[in-house]
Amino acid sequence: MYLSKEEEKLLESDNPTIAKSMEILVALGEVYGADKLIEIKSAHISGISYQNIGDAGVEWLESLNAKVSVRTTVNPAGMDVFRWREMGIDEDFYRKQMKILRALERIGAELSLTCTPYYYQSVKRNDHLAWAESNAVIYANSVLAARTNRESGISAIAAGIIGKTPCYGMHLKENRAPNVLVKVKGNSAALIGYELGKILKYDEVPLINLPRKFSNDELKLMGAAMAATGNKAIFHVVGQTPEWNEFEIPTEKIELDVGEIEKDCEPDLIALGCPHLSAEELLRIEKLLRNKKVRRELWLFTSRKLAKELEKVVRCIEQSGAKVFCDTCMVVSPTTENFECVMVNSGKALEYLPKLRKVRVVFGSLEECVEAAL
Ligand code: F3S
């Protein structure tokens, strides 16, 4: 891989964090056949819940000794940093999680604590990014036509520090071309993404023919699920996503008929906000809960930035007894393990909750989830 003089100097820097960051980027570039590094507009770090990275992760983050050189945001943590007690988080977990956040703050990362960095900052078509959060990656590539590979937490930190990423994969137009045309029957975006991720082969980029126009919230749910069950980084939707007609229409065709998923447990927690809720979703929920009281735990997850911007809406939602938590989610927080059966409207949560939090899951639309809480 070609390195400029300046990049070579960074590789031999006296600062071990900078040298290591360059080493990581060069190693990745060589494995994936990149010919150079390219500048990025922003980085996004994932995998920062203490639940996921433990003491070894805390130690590694605390050992970092350099500042990020581009805007670098951060995924959800294992708790709401203010209402952690209310979530049932213990003091020990709180302290360790805060160590992680302080270490990230020390390197200059913004504690956005959201998996929807696309609501947090402006992202433009063709912007090169180094994001490590699968739903954010697939949304940025597919809905915003920006360019990012699926980074790991570590490579996103390295890219944030150096301000560059190796040029391969999604950064190159030719790798973004669809190679399979999928005709879909079904109504639920999350379930379509969930099933599609399962049937697509590793190297397949779908061009999807949907039965109707999906909102951006629906595309978010569909992409998040497809990235969870199928490791996808991009999809195109006929007539909708920005790059769908910039390539040849694939000749290979498949059909997918997505039905309902049977409900096999009675939820003791209803959790919405995987990925974090948008302003529109919060408004929809507020409308459904207006002048009503919930009978079951209804937890909503969104970014702190959005919760502040929609303070009044959040207050109205909470008057129903529902709780709006920030900085975290039902998948990365250990607190979900205190429940037995969780109802979600997210294909990603449907995939991960049984595996990571060992709880049973039932699926419903946003409206059905709210209804089940009343
Ligand atoms: Fe976000 Fe948590 Fe889902 S990080 S995409 S809400 S698993």
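If you're wondering where the values come from, they're calculated on a predicted model, not measured in any experiment.

Visitor: How should I be thinking about the overall build of the protein chain in this particular structure?
Guide: Helix and strand counts for the protein chain come out as 14 helices and 14 strands. In terms of C-alpha radius of gyration, the protein chain reaches 21 Å, essentially the compact-globule figure of 21 Å for 374 residues. Considering only C-alpha atoms, the protein chain reaches an extent of 65 × 55 × 35 Å along its principal axes. Classification of the 374 residues of the protein chain by burial places 59% in the buried group. The long-range fraction of contacts in the protein chain, counting pairs at least 24 apart against all pairs at least 6 apart in sequence, stands at 76%. Averaging the positions of the 49 positive and the 53 negative side-chain charges in the protein chain gives two centres separated by 4 Å.

Visitor: Would you mind showing me how to read the environment of Val331 here?
Guide: Among the secondary structure elements, Val331 is positioned in the loop between strand S12 (323-326) and strand S13 (341-344). Taking C-alpha positions, Val331 is 9.8 Å from Pro76, a pair spaced 255 residues apart along the chain. Among all residues touching Val331, those that are not within four sequence positions of it are Ala349, Tyr352, Leu353, Leu356 and Arg357.

Visitor: Would you mind going over the domain arrangement of the protein chain with me for this structure?
Guide: Looking at the protein chain, the domain boundaries give domain 1 (5-171), domain 2 (177-257) and domain 3 (269-373). Spacing between the C-alpha centres of domain 1 and domain 3 amounts to 26 Å. Facing 26 residues of domain 1, the contacting portion of domain 3 comprises 25 residues. Buried area between domain 1 and domain 3, summed over both chains or domains, comes out near 1,900 Å², and the portion from carbon and sulfur atoms is 55%. The tally of links from domain 1 across to domain 3 stands at three salt bridges. Here Asp80 and Arg304 are joined by a salt bridge, their closest N and O atoms 2.9 Å apart. Our enumeration of links across domain 1 and domain 3 arrives at 14 residue pairs in polar contact (both at pLDDT 80 or more). Secondary structure elements with two or more residues in the side of domain 1 that touches domain 3: helix H3 (50-63), helix H5 (117-120) and helix H6 (134-142). When its residues are assigned to classes, the side of domain 1 that touches domain 3 shows 13 nonpolar, nine polar and four charged.

Visitor: Can you walk me through the site of the ligand in this structure?
Guide: Neighbouring residues of the ligand: Pro76, Cys115, Glu133, Asn135, Gly273, Cys274, Pro275, Cys329, Val331 and Lys348. Looking at side-chain class alone, the shell around the ligand contains six nonpolar, two polar and two charged residues.

Visitor: Whenever I open this one, the pairing of strand S2 (residues 42-45) confuses me. Can you help?
Guide: Regular strands place side chains that alternate from one sheet face to the opposite one. Neither face of S2 is exposed, since Ser42 and His44 on one face and Ala43 and Ile45 on the opposite face are all buried. Where S2 lies against strand S3 (residues 71-74), four bridges are found, and the strand directions are parallel. Bridged to Ala43 within S3 is Thr72. Between the parallel pair S2 and S3, the chain is carried across by H3, and the sense of this crossover is right-handed. As paired strands, S2 and strand S4 (residues 129-131) are joined by three bridges and run parallel to one another. Residue pairing across strands places His44 opposite Trp131, the latter belonging to S4.

Visitor: Even after reading the chapter, I still don't get the packing of aromatic side chains, so can you show me in this structure?
Guide: Each aromatic ring pair is summarised here by two numbers: the centre-to-centre distance and the angle between the ring planes. Tallied over the entire structure, the rule returns eight aromatic pairs. Taking 5.7 Å as the distance between ring centres and 80° as the angle between the ring planes, the aromatic pair formed by Tyr50 and Phe93 counts as edge-to-face. With Tyr50 in helix H3 and Phe93 in helix H4 (residues 91-106), this residue pair connects regions lying 43 residues apart in the sequence. We note that Tyr50, like Phe93, is buried. Taking the centre distance of 4.0 Å and the plane angle of 20° together, the rings of Tyr118 and Tyr139 count as stacked. You can see Tyr118 sitting in helix H5 and its partner Tyr139 sitting in helix H6, a full 21 residues away along the chain. For Tyr118, a relative accessible area of 8% gives the class buried. Taken together, the ring pairs in this structure connect Trp299, Phe301, Phe325 and Phe339 into an aromatic cluster. Its end group placed over the ring of Tyr120, Lys305 keeps NZ or CZ at 5.7 Å from the ring centre.

Visitor: I would appreciate a short explanation of unusual backbone geometry in the present structure.
Guide: Note: most residues except glycine have negative phi, and most peptide bonds are trans. In this structure, Pro275 follows Cys274 across a cis peptide bond, with omega equal to -10°. With respect to the helices and strands, Pro275 occurs in the loop between strand S10 (269-272) and helix H10 (279-289). Even without being glycine, Asp327 reaches a positive phi, approximately 70°. The topology assignment puts Asp327 in the loop between S12 and S13. Under the relative-accessibility criterion, Asp327 is labelled buried at 2%.

Visitor: I'm lost on the state of the cysteines in this one. Help?
Guide: Think of a disulfide as a covalent bridge from one cysteine sulfur atom to another cysteine sulfur atom. All chains considered together, the criterion is met by one disulfide. The disulfide partner of Cys265 is Cys341, and the S-S distance across this bridge is 2.0 Å. When the S-S torsion is 70°, as for the bridge of Cys265 with Cys341, the disulfide is right-handed. Residue Cys265 is located in the loop between strand S9 (253-257) and S10, and its partner Cys341 is located in strand S13; the two are separated by 76 residues in the primary sequence. Accessibility classification places Cys265 together with Cys341 in one group, the buried group. Unpaired in this structure, Cys369 has its nearest cysteine sulfur neighbour in Cys341, at a distance of 11 Å.

Conventions used here
- Here the residue numbering is sequential within each chain, running from 1 through the sequence in written order.
- Per-residue local features are limited, in this predicted model, to residues with pLDDT of at least 70; the limit for side-chain atom pairs, both in listing and counting, is 80 or more; totals at the level of whole chains, interfaces and linings are taken over all residues.
- Neither water nor hydrogens contribute to the side-chain values; these are computed over all heavy atoms in the structure.
- Comment: elements are numbered from the N terminus, with helices defined as DSSP H or I runs of at least four residues and strands as E runs of at least two.
- With C-alpha atoms as the basis for the radius of gyration, the globule rule is written as 2.2 Å multiplied by the number of residues raised to the power 0.38.
- Relative accessible area decides the class of each residue, using a 1.4 Å probe on protein chains only: under 20% of the type maximum gives buried, over 50% gives exposed, and in between gives partly exposed.
- Residues are treated as being in contact if the distance between any of their heavy atoms lies within 4.5 Å.
- Under the convention used here, Asp and Glu are negative, Lys and Arg are positive, and both His and the chain ends fall outside the count.
- In this description, the location of a charge corresponds to atom NZ of lysine, CZ of arginine, CG of aspartate or CD of glutamate.
- Note that the domain bounds were set by an automatic or database domain assignment.
- Defined here as a combined quantity, buried area equals the accessible surface (1.4 Å probe) lost by two parts on assembly, summed across both.
- When a carboxyl oxygen of Asp or Glu lies within 4 Å of a side-chain nitrogen of Lys or Arg, that pair is called a salt bridge.
- Nitrogen and oxygen atoms within 3.5 Å of one another constitute a polar contact, given that in protein one can donate a hydrogen and the other can accept it, and given that sequence-neighbouring residues count only through two side-chain atoms.
- Ten residue types, Ala, Val, Leu, Ile, Met, Phe, Trp, Tyr, Cys and Pro, are classed as nonpolar, four, Asp, Glu, Lys and Arg, as charged, and the remainder, Gly among them, as polar.
- One heavy atom within 4 Å of a molecule or strand is enough for the residue carrying it to be called near that molecule or strand.
- Any two strands are treated as partners once DSSP identifies two or more bridges connecting them.
- We call a crossover right-handed when, viewed with the strands running away from us, the connection from the first strand over the helix to the second turns clockwise.
- Paired rings are identified among Phe, Tyr and Trp, the last through its six-membered ring, by centres lying within 6.5 Å, and are further divided according to the angle between planes into stacked (under 30 degrees), edge-to-face (over 60) and tilted (the rest).
- For a lysine, the NZ atom is tested; for an arginine, the CZ atom; a charge sits over a ring if that atom is within 6 Å of the ring centre and within 35 degrees of the ring normal.
- Note on disulfides: each one is a pair of cysteine sulfur atoms within 2.5 Å.

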